[in-house]
Amino acid sequence: MIRCLFIKRKLYDYFDNSLSEIEQSKIKEHLDSCAGCRNNLKKIHEVIDTAGSKNIPHPTEEFWNKFQGELDDKLNDVLTPAYKPGFRERFSIKSVVLVPSVSVLVLVMAVSIQSNHRNSTDRFHQAMLDEMNVLEEVSPATTFNNGIEFSLDEAVLASEM
Amino acid sequence: MVTESDKQEEKMLIVRLKQGQRSAFDVLVQQYRQRGFAICYNLVGSPEDAQDVLQDAFIKVYRNIKNFREDAAFSTWFYRILTNCSLDFLRKKKVLSKHFTGPLIDEEGKEQDIADSHSEPVRILSAQEFARNLDLHIEQLPEKQKVCFILKHQNRLSNQEIAQTLGCSLGTVKVHLFRAVRALQRKLSVYSVQ
């Protein structure tokens, strides 16, 4: 029994052929006479043989072509550093956008100035017209005032004479 | 069988790759893609995921080739990258799926419990069912045990290559392998192949 415990620990190495020749032959001797240990060895064989006979897919040439293509793409992505714009690039406005925007701005300003100028001229004309109307409306008083002034002038002339 | 001239040719390829020659990289991809795919497939479990992981691993090779010291074999350096990429992928997937694993379904469509008892009677399974159960138990092994077991018994790497790939001693690899096989043997002791 003790011998079986000892053998049990060595069975995998025995299976793997990694024991010395003497140990290998001693274990073989024991196995010939012990059904329990033989059964344990059989179990190890079952496990390892089954694991070893696992079907590993053998990809086709088509698979490898696709694989190579994807690998090239991944590698190019890794090797090409990600583009990071600098401060000036990040905050600069591209000429494609800048030129039309400035043109539109200048045009708007020109139109605005023109319109302001026209408005102020119109307002000036209107103011002049208003003033003329006012003058026309108050002309009798003016005449009266003029009349006084005239009479004063006359009085001055008269006194000088 | 790798001959001395193959090794020399590979060294030349690595020198050219270090100089930034893309054509050398393409040749290395062609040489290692099938082996790499098999390892990724065994570790991550699906061809689509294996393809993604393998591509990521090749990109890491290209970007880090300058760190590769030529005193070691390129293959083990590549396998190390591959294993790390696969494990990273599995960790992310595990976080996403919150450790969910579906129930085992037998051929009749009934759910099976993952048996771990010597007292249960032995169930005779077809080779296919046994293999499916084995895959599920391999998936549940601790990370290092799983990697050692898969690299050794599904990808036929030697213990020495596994030790170099994982950056650990030969003794550590043997311990991981022993524990992995013992765990699988115990878990599958209630099943027997037809």
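Residues numbered from 1 in each chain as written. Chains lettered and ligands numbered in written order. Predicted model: local features only at pLDDT ≥ 70, side-chain atom pairs only at ≥ 80, totals over all residues.

Caption draft 1: Fine view of the overall build of chain B. Regarding its fold elements, chain B presents eight helices and four strands. Secondary structure of chain B in N-to-C order comes out as α-α-α-α-β-β-β-α-α-α-α-β. Considering chain B as a whole, with its 194 residues, one finds that 32% of them fall into the buried category. Across chain B, every contact between residues at least 6 apart in sequence was considered, and the portion connecting residues at least 24 apart equals 65%. (Helix = DSSP H or I, 4+ residues; strand = E, 2+ residues; numbered from the N terminus. Buried ≥ 20, exposed ≤ 12 C-beta atoms within 10 Å, placed from the backbone. Contact = placed C-beta atoms within 7 Å.)

Caption draft 2: Fine view of the interface of chain B and chain A. Chain B puts 26 residues into the contact, and the matching count from chain A is 20 residues. Mapped onto the side of chain B that touches chain A, the elements with two or more residues apiece are α2 (22-44), α3 (47-64), α5 (127-139) and α8 (170-187) of chain B. Taken together, the residues that form the side of chain B that touches chain A break down as 17 nonpolar, seven polar and two charged. (Nonpolar A, V, L, I, M, F, W, Y, C, P; charged D, E, K, R; others polar.)

Caption draft 3: Broad picture of unusual backbone geometry. With phi around 60 degrees, Asn17 of chain A is a residue other than glycine that occupies positive phi space. Along the polypeptide, Asn17 of chain A turns up in the loop between α1 (2-16) and α2 (21-33).

Caption draft 4: A look at the nonpolar core. Residue and element names in this part refer to chain B. Of all hydrophobic cores here, the largest spans 52 residues; its most connected members are Cys40, Ala57, Phe78, Leu82 and Cys148. With 11 residues, α2 is the single largest residue contributor to this core. If we ignore the near neighbours within four places in the chain, the residues touching Cys148 are Ile162, Val173, His176, Leu177 and Ala180. (Core = buried A, V, L, I, M, F, W, Y, C linked by C-beta atoms within 7 Å.)

Caption draft 5: Molecular detail of the confidence of the model for chain A. Confidence in the prediction of chain A, expressed as mean pLDDT, is 81, and 76% of residues score 70 or more. Here residues 141-145 of chain A scores under 50 on pLDDT; set against residues more than four positions off or in separate chains, the count is zero contacts. (pLDDT = per-residue confidence, 0-100.)

Caption draft 6: A look at the packing of helix α6 (residues 143-153) of chain B against helix α7 (residues 159-166) of chain B. Residues and elements named next belong to chain B. In the contact formed by α6 and α7, the axes pass within 10 Å of each other and the chain directions differ by 140 degrees. Classified by the interaxial angle, the pair formed by α6 and α7 is oblique. Here α6 and α7 pass one another in a crossing that is right-handed. The residues of α7 that touch α6, namely those facing Val147, Cys148, Leu151 and Lys152, are Ile162, Thr165 and Leu166. Class assignment for the residues of the contact of α6 with α7 results in five nonpolar, one polar and one charged. (Axes fitted to C-alpha atoms, helices over the stretch in contact; angles between N-to-C directions. Parallel < 35°, antiparallel > 145°, perpendicular 65-115°, else oblique. Left-handed = near helix turned anticlockwise from the far one by under 90°.)

Caption draft 7: Representation of the packing of helix α1 (residues 4-18) of chain B against α2 of chain B in the model. Residue and element names in this part refer to chain B. Taken N-terminus to C-terminus, the directions of α1 and α2 make an angle of 135 degrees; their axes are 7 Å apart at the nearest point. Classified by the angle their axes make, α1 and α2 are oblique. Crossing angle aside, the handedness with which α1 passes α2 is left-handed. In this structure, α1 uses Leu13, Arg16 and Leu17 to contact α2, whose residues at the interface are Ala24, Phe25, Val27 and Leu28. Looking at the contact of α1 with α2 residue by residue, the class counts come to six nonpolar, no polar and one charged.

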